[in-house]
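Residue-level listing of the chains:
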Amino acid sequence: MIDCENQIFTKLATALRTAYPSINVQGTVTYTPSVFPTVCIEEADNFSFRQTRDTASNENCVEVMYEVNVYSNLASGSKTQCKNIFSTIDSVMDELGFTRTGKTPVPAEQPMTYRLIGRYSAVIDKNETIYRR
């Protein structure tokens, strides 16, 4: 199985921590973060890209989908803070070769909290080259 989740998480977390030193970055989804702002980055799907399987049925590429959840609880400006953080994520994912397939505001579990969910897709080969879909 082709698995690049750690490398992608590290690139995103490094960029986010550089831009926002007090940000909390996690590798699993948390619906009620205790620290703000928080970003949860998780590989939500990873499946064999059938068009690239060879006659021996070896996996040569996978199609992946990453989901990011961005949370802010600022009394004023939480939506703007989420959008700014999301912009950083979007830039990194675009540089890596991912395509954004969604960016949606959703109700947060906690009152006075703003939340954005984003999804990114790409095809990754066994040499860890990333291809846009």
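Here we summarise the structure given alongside this text. (Residues numbered from 1 in each chain as written. Predicted model: local features only at pLDDT ≥ 70, side-chain atom pairs only at ≥ 80, totals over all residues. Heavy atoms only, no water.)

1. Looking at the environment of Gly118
Along the polypeptide, Gly118 turns up in strand 5 (residues 114-125). Residues Gly118 and Lys103 lie 15 residues apart in sequence; the distance between their C-alpha atoms is 4.3 Å. For Gly118, the contacting residues outside a window of four places in its chain are Tyr66, Glu67, Val68, Phe86, Gly102 and Lys103. (Helix = DSSP H or I, 4+ residues; strand = E, 2+ residues; numbered from the N terminus. Contact = heavy atoms within 4.5 Å.)

2. Topic: helix 2 (residues 78-96)
The terminal C-alpha atoms of helix 2 lie 27 Å apart, and with 19 residues this matches the ideal 27 Å at 1.5 Å per residue to within 8%. Those residues of helix 2 that fall on the buried side of the exposure criterion are Ser78, Gln81, Cys82, Ile85, Phe86, Thr88, Ile89, Val92, Met93 and Leu96. For helix 2, the angular spread of the buried residues around the axis is 150°, confining them to a single face. Summarising the contacts, the buried residues of helix 2 are in contact with helix 1 (5-19), strand 2 (38-48), strand 3 (61-72), strand 4 (99-107), strand 5 and strand 6 (130-131). (Expected span 1.5 Å × (residues − 1). Buried < 20%, exposed > 50% of the residue type's maximum accessible area, 1.4 Å probe, protein only. Arc of directions from axis to C-beta.)

3. Let's talk about the pattern of salt bridges
Applying the stated criterion across every chain, the model contains two salt bridges. In this structure, the salt-bridge partner of Arg119 is Glu67, at a minimum N-O distance of 3.0 Å. Placement of the pair is Arg119 in strand 5 and Glu67 in strand 3, with a sequence separation of 52 residues. Since its relative accessible area comes to 31%, Arg119 is described here as partly exposed. Ionic pairing is found between Asp90 and Arg100, a salt bridge with its closest N-O pair at 2.7 Å. Residue Asp90 is located in helix 2, and its partner Arg100 is located in strand 4; the two are separated by 10 residues in the primary sequence. Asp90 gets classed as partly exposed once you look at its relative accessible area, which sits at 21%. (Salt bridge = Lys/Arg side-chain N within 4 Å of Asp/Glu carboxyl O.)

4. So, the pairing of strand 3
Judged by how many residues are buried, strand 3 sits mostly within the fold: 12 of 12 residues are covered. Burial along strand 3 is two-sided: Cys61, Glu63, Met65, Glu67, Asn69 and Tyr71 and Val62, Val64, Tyr66, Val68, Val70 and Ser72, pointing in opposite directions, are all buried. Here strand 2 runs beside strand 3; their pairing, made up of 10 bridges, is antiparallel. Each residue of the ladder has a partner; that of Val39, found in strand 3, is Val70. (Pairing = 2+ DSSP bridges.)

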